Structure formats: structure tokens, C-alpha cells
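# Examination of the molecular architecture
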Amino acid sequence: MNFDKELDARGLNCPLPILRTKKGLAELTSGQVLKVIATDPGSVKDMQAFAKQTGNELVSSAEASGEFTFFMKKK
Amino acid sequence: MSKKLAIIATKGTLDWAYPPLILASTAAALDYEVQVFCTFYGLQLLRKDVSGLKVSPLGNPGMPMKMPFGPKWFKDINWNIPNIVQANIPGYESLATTLMKMTIKNCGVATIADLRELCIEAEVKFVACQMTVELFGFDHSQFIDNIDFVGAASFLEFAGDSDICLYI
């Protein structure tokens, strides 16, 4: 998937992946996509909750060998 | 209009400094307007230097005592040390705090100073209870800048309109 910015949140724990995502999105313009890689298992539900509450779109969410990759489209 | 989160922070230990700051920073990231009213021991969260915050395992049966270093089997051991022993070892709290800080770092958990900075950046409003500032003999100069010193009525004005209000 195409993305405009990548954020490495590996090794970070709650709430840092969400706070970094928020900051990362702030540097993008509407419609651009932020890729986030995290290792915090809690981030799966948290990214969904973040998207739901902020109106940004969680385009996809996937897990591979302990790493979670999210694509978040800025509203 | 954005949602509002009101938090009353009353605890002044390293462990209990986390819940208000995690919730405040996250809520701010979710576009909440956030106010944290620090009262009694919660005033410690507003000290200029928060590196002195400590954790105490004494009288806290819910706290696992595990080592942040060594092989996995060693880290998995829960050192169940009786209160009477903990209370008699000088510097026990300092030792426990050092180990806790190592664990915090190992787990990729933010430090209290970093979390507070993130809160301030995200425009979380911190207010200090003036009554307890006087009660504990603190001086305004001991606290971070840009906080208001207020009473219960001021907090209730914000909390009365909040969507979530937490006492921590």
C-alpha cells in the first residue's frame, strides 16, 4: 500500500504509539496516509479506537511475526 | 465541540503518576479538552523535577517484585519479601525504584517527565490545589510554569461540564 510517511513505533508501549501516530498525522495533509509499525499488542484495539474517535481512517491493520502494521489515512 | 476529561490526581508515587498522565495525554491525542487537578500527594506530579518520585512495595501485595535483568528464568521469579523485612532494610524503596525504572525502560514505557511533557505539548491543563500547596509547605516556585493554583470550585466548574471525570 502507498503511504506518505512512515512511523516506527516498535518497542514503544502504551500510550506512545498513539501519541506518535497523532503527531505523525499532524504533519500530513488530508487524504495522505501514515504507515505505523508497532510491537505493542494493545495497539491493535487502540488504533481502531483512535481512528473511531478522531475520524481518521484506519485503512488496514495487519500482523506479521510480532509486528503490527497500520495504515492510517488522515481525515 | 470537543469532549472533556477531568482528572483528580491524588497520588504522589512513581507508579501512580502513570494513570493520570497516560489518560490525559491519550485523551488530548483524541482531541479531548483535558484538565488535571493535582491535590494532596498528586502535587508531586507538578514539581519541576519529577526524578525523585519513588515506588514503594511495602504494604503493597499487588506489586510483583521481579528483576529487570538476567536470564528469563531469573526475571520470572517473584521475590515475595515480607513487609517486616522490607521495612527494616535502609534504602529499600530507593532500590525498588531503581529496579522499577529499569523495568520501565526495558518495556518501552515513557518516563514520567516525558509523559508530562507530551501532556503539556498537547495542551493538557494542569491545575494545583492551593490549599494542599500551603498544607505541605510548598512554594509556587517549586512547580512547573503555566499552572494555575486553584480551589475546589474552579475544578468543579470544569468537571461539571466534563464527559469523563476520574479520581485517581
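Given the structure is predicted, the values throughout are model-derived calculations rather than measurements. (Residues numbered from 1 in each chain as written. Chains lettered and ligands numbered in written order. Predicted model: local features only at pLDDT ≥ 70, side-chain atom pairs only at ≥ 80, totals over all residues.)

### As for the overall build of chain A
Across its full length, chain A carries two helices and four strands. For chain A, the α and β elements follow one another from N to C terminus as β-α-β-α-β-β. In terms of overall dimensions, chain A is globule-like: its C-alpha atoms have a radius of gyration of 11 Å, near the 11 Å expected for 75 residues. Projecting the C-alpha coordinates of chain A onto the three principal axes gives extents of approximately 30 × 25 × 15 Å. In chain A, buried positions account for 32% of the 75 residues. Sequence-distant contacts, at least 24 apart, represent 60% of the contacts inside chain A between residues at least 6 apart. (Helix = DSSP H or I, 4+ residues; strand = E, 2+ residues; numbered from the N terminus. Rg over C-alpha atoms; globule rule 2.2 N^0.38 Å. Buried ≥ 20, exposed ≤ 12 C-beta atoms within 10 Å, placed from the backbone. Contact = placed C-beta atoms within 7 Å.)

### Topic: the interface of chain A and chain B
Taken together, the contact pairs twelve residues of chain A with eleven residues of chain B. Among the elements of the structure, α1 (16-26) and α2 (43-54) of chain A are those that each provide at least two residues to the side of chain A that touches chain B. Counting residues per element, the side of chain A that touches chain B draws most heavily on α1(A), which supplies four residues. Taken together, the residues of the side of chain A that touches chain B break down into seven nonpolar, four polar and one charged. (Nonpolar A, V, L, I, M, F, W, Y, C, P; charged D, E, K, R; others polar.)

### Thoughts on the confidence of the model for chain B
Residue and element names in this part refer to chain B. When pLDDT is averaged across chain B, the result is 94; 100% of the residues are at 70 or more. In the model of chain B, helix α3 (residues 83-88) stands out as the element of lowest mean pLDDT, 92, in contrast to strand β1 (residues 4-9), which has the highest, 98. This prediction of the complex comes with two scores: 0.90 for pTM and 0.85 for ipTM. (pLDDT = per-residue confidence, 0-100.)

### Section: the environment of A:G24
Residue and element names in this part refer to chain A. Along the chain, the position of G24 falls in helix α1. Using a count of 19 C-beta atoms within 10 Å as the deciding quantity, one classes G24 as partly exposed. Ignoring any residue separated from it by four or fewer positions in sequence, one finds G24 in contact with K5, L7 and L34.

### Notes on the sheet that holds strand β4 (residues 67-73) of chain A
All names here are of chain A. Read from one edge of the open sheet, four strands run β1-β2-β4-β3, paired in mixed fashion. If you trace the sheet from one side to the other, it starts and ends with β1 (5-9) and β3 (57-64), each paired once. Ignoring strand direction, the axes of neighbouring strands in this sheet form an average angle of 15 degrees. As paired strands, β1 and strand β2 (residues 33-38) are joined by five bridges and run parallel to one another. (Pairing = 2+ DSSP bridges. Axes fitted to C-alpha atoms, helices over the stretch in contact; angles between N-to-C directions.)

### Here's the deal with the sheet that holds β1(B)
All names here are of chain B. Reading across from one edge, β4-β3-β2-β1-β5 is the order of the five strands in this open sheet, with parallel pairing throughout. The open sheet has two edge strands with one neighbour each: β4 (148-150) and β5 (164-167). Each strand axis lies, on average, 20 degrees off the axis of its neighbour in the sheet, ignoring direction. With four bridges connecting them, β1 and β5 associate as parallel partners. Bridging across to β5, I7 finds its partner in L166.

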